[in-house]
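Spelled out from the first residue to the last, the chains are:
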Amino acid sequence: MSATNGSTFLSRLDKTGTDILKCMHCGVCTGSCPSGRHTSLNVRNLLRKARKGESVLSDETLWTCTTCYNCQERCPRGIDIVDAIFEIRAIAVHEGIILKEHRTVGKLLVEHGHAVPINAENEAKREALGMDALPPTVHSFPDALSEVKKLIANCKFDELMSNE
Amino acid sequence: MSESARKEHEMNKLSLFLGCVIPNRYPGIEKSTKLCLEKLDIDCVDLEGASCCPAPGILRSFDKTTWLVLSSRNISLTEDLGRDMLTICNGCYGSLADANNELKADEDLKESVNSHLAAVDREFKGTQDIRHITEFLYQEIEPENIRELVTNPLKIRVAVHYGCHLLKPSKGRVGMSVERPSFFDELVEATGAVSVDYPDKMECCGAGGGVRSALSDEALALTEHKLSMIEAAGVECIVNACPFCHMQLDVGQTDLNERDGTEHSIPVLHYTQLLGLAFGYTVEELGIDLNSTLNKAFFEMIEDRP
């Protein structure tokens, strides 16, 4: 294939770029998609858009995939569709295209080592159950949390999640 | 329990990986898990100092390296203990098993991840397996042995919700059928309950992939459909194996009720809570009364059991 905008974009995908080219547009993915039954997500169209180029990065339906893997399991061409969606999403995020709620979750991980950290209500629930207020995770082990924060900083994930 | 089954599971020492949603939102599931493991005489210790798995559908979507480095750190903790890791969440299971498989199969990737882990004096070796409590109980303990230990058989009709990442992607799982599995139903029926078939039983709850966290109306559309199928089947409760599905199906009902004035009220139980009831523990001991959706009739029915 010539180096059109589309193939240039697909070459940015780690493993799944050439996979996407195998698509024969049968639509089994779209027909198997539980999100697509209720939202505007059309998996086949999303992948076709990825073949065409970078406009897929700002397609809002990129984020309505629940990653259930039905499409990937049933694809007759054996395309790792959800893996491709992960890779396309990662490119979008690195270009600053990310929903604000997702950025918030990322920041919670950066700060607490948990994407869903403890809160007062649940500390009370734990105590009512006769458990320690904090679980034996990074929440109870500051050294472990320091390790996690160091690894996150080395991966520059904190920068990725910042608003700058 | 038969001698052979006991021997088999003595070979599997485990560490318990809690993740985020169970300890920090549904601690009753954490407690129920420990009560059940004790009853089943399974050697399992807390995996101290573990972090988020990290969440497969969204953090993996943001940056693959961060996802692999943090998951490999969690795996290195269980390697240090020489124990396989027991997960009680489909998301944690999927995230950690996928990372473990990828790193075991790709020396270059392993080397790259280990160059990160070296900064905190850790190393991923690839010596342990990641297990999910349902497939572990099914394969290592077996439903018949669980049935023998049940003291308070449950005479209830149950809608089993497998969730997605317990089974898929099949390339990284334990070979159970993806389209029509039965192992979880068999575990549920070992408690005396009846697993009732219903349309779209294998369908997603709606929460995964960051949809719940950022696009809650879209997530609720899937949940509402799933609930309608379950309600039409006539069951006393939903049983799941994942706290994220648990949260979506539980809080989803109260969200829908608030938004639409509906009256969804199906109790949602993690498998360890159902098993705990069959072992004679109370609704309160298992934290089932700490859900968002509370159903008094269900609690009374459980209390009135023989």
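Source: prediction; values computed, not measured. (Residues numbered from 1 in each chain as written. Chains lettered and ligands numbered in written order. Predicted model: local features only at pLDDT ≥ 70, side-chain atom pairs only at ≥ 80, totals over all residues. Heavy atoms only, no water.)

Undergrad: Sorry, what's going on with the sheet that holds strand β5 (residues 157-161) of chain B here?
TA: In a beta sheet, neighbouring strands are held together by backbone hydrogen bonds and run either parallel or antiparallel to one another. Residues and elements named next belong to chain B. Read across the sheet, four strands follow the order β6-β5-β7-β8 without closing on themselves; strand pairing throughout is parallel. Edge positions in the open sheet fall to β6 (194-195) and β8 (268-270), since each of these has one partner strand only. Note: β5 against strand β7 (residues 237-240), four bridges, orientation parallel. Looking at β7, one finds that Val158 is bridged to Cys237. Across the sheet, helix α13 (residues 243-260) touches β5, β7 and β8, and the angle it forms with β8 is around 165°. (Pairing = 2+ DSSP bridges. Helix = DSSP H or I, 4+ residues; strand = E, 2+ residues; numbered from the N terminus. Contact = heavy atoms within 4.5 Å. Axes fitted to C-alpha atoms, helices over the stretch in contact; angles between N-to-C directions.)

Undergrad: Hey, could you run me through α13 of chain B in this one?
TA: Side chains three or four residues apart in an α-helix point the same way, a direct result of the helix having 3.6 residues per turn. Residue and element names in this part refer to chain B. For α13, spanning 18 residues, the distance from its first C-alpha to its last is 25 Å, which sits close to the expected 26 Å at 1.5 Å a residue. The largest bend along α13 measures about 30° and falls at Gly252. Most of α13 is tucked away, with 13 of its 18 residues classed as buried. (Expected span 1.5 Å × (residues − 1). Bend = angle between axes of the 7 residues up to and from the residue. Buried < 20%, exposed > 50% of the residue type's maximum accessible area, 1.4 Å probe, protein only.)

Undergrad: So what exactly am I meant to see when it comes to the side chain of Asn74 of chain B here?
TA: All names here are of chain B. Of note, Asn74 is situated in helix α5 (residues 64-81). A residue is classified by how much of its surface remains accessible, and Asn74, at 0% relative accessible area, is buried. At 3.0 Å, the side chain of Asn74 and the backbone nitrogen of Ser51 are in polar contact. Side-chain polar atoms of Asn74 contact the backbone oxygen of Cys52, separated by 3.0 Å. With sequence-adjacent residues up to four places away left out, Asn74 is seen in contact with Phe17, Leu47, Ala50, Ser51, Cys52, Cys53, Met85 and Leu96. (Polar contact = N/O pair within 3.5 Å; in protein donor to acceptor, adjacent residues only side chain to side chain.)

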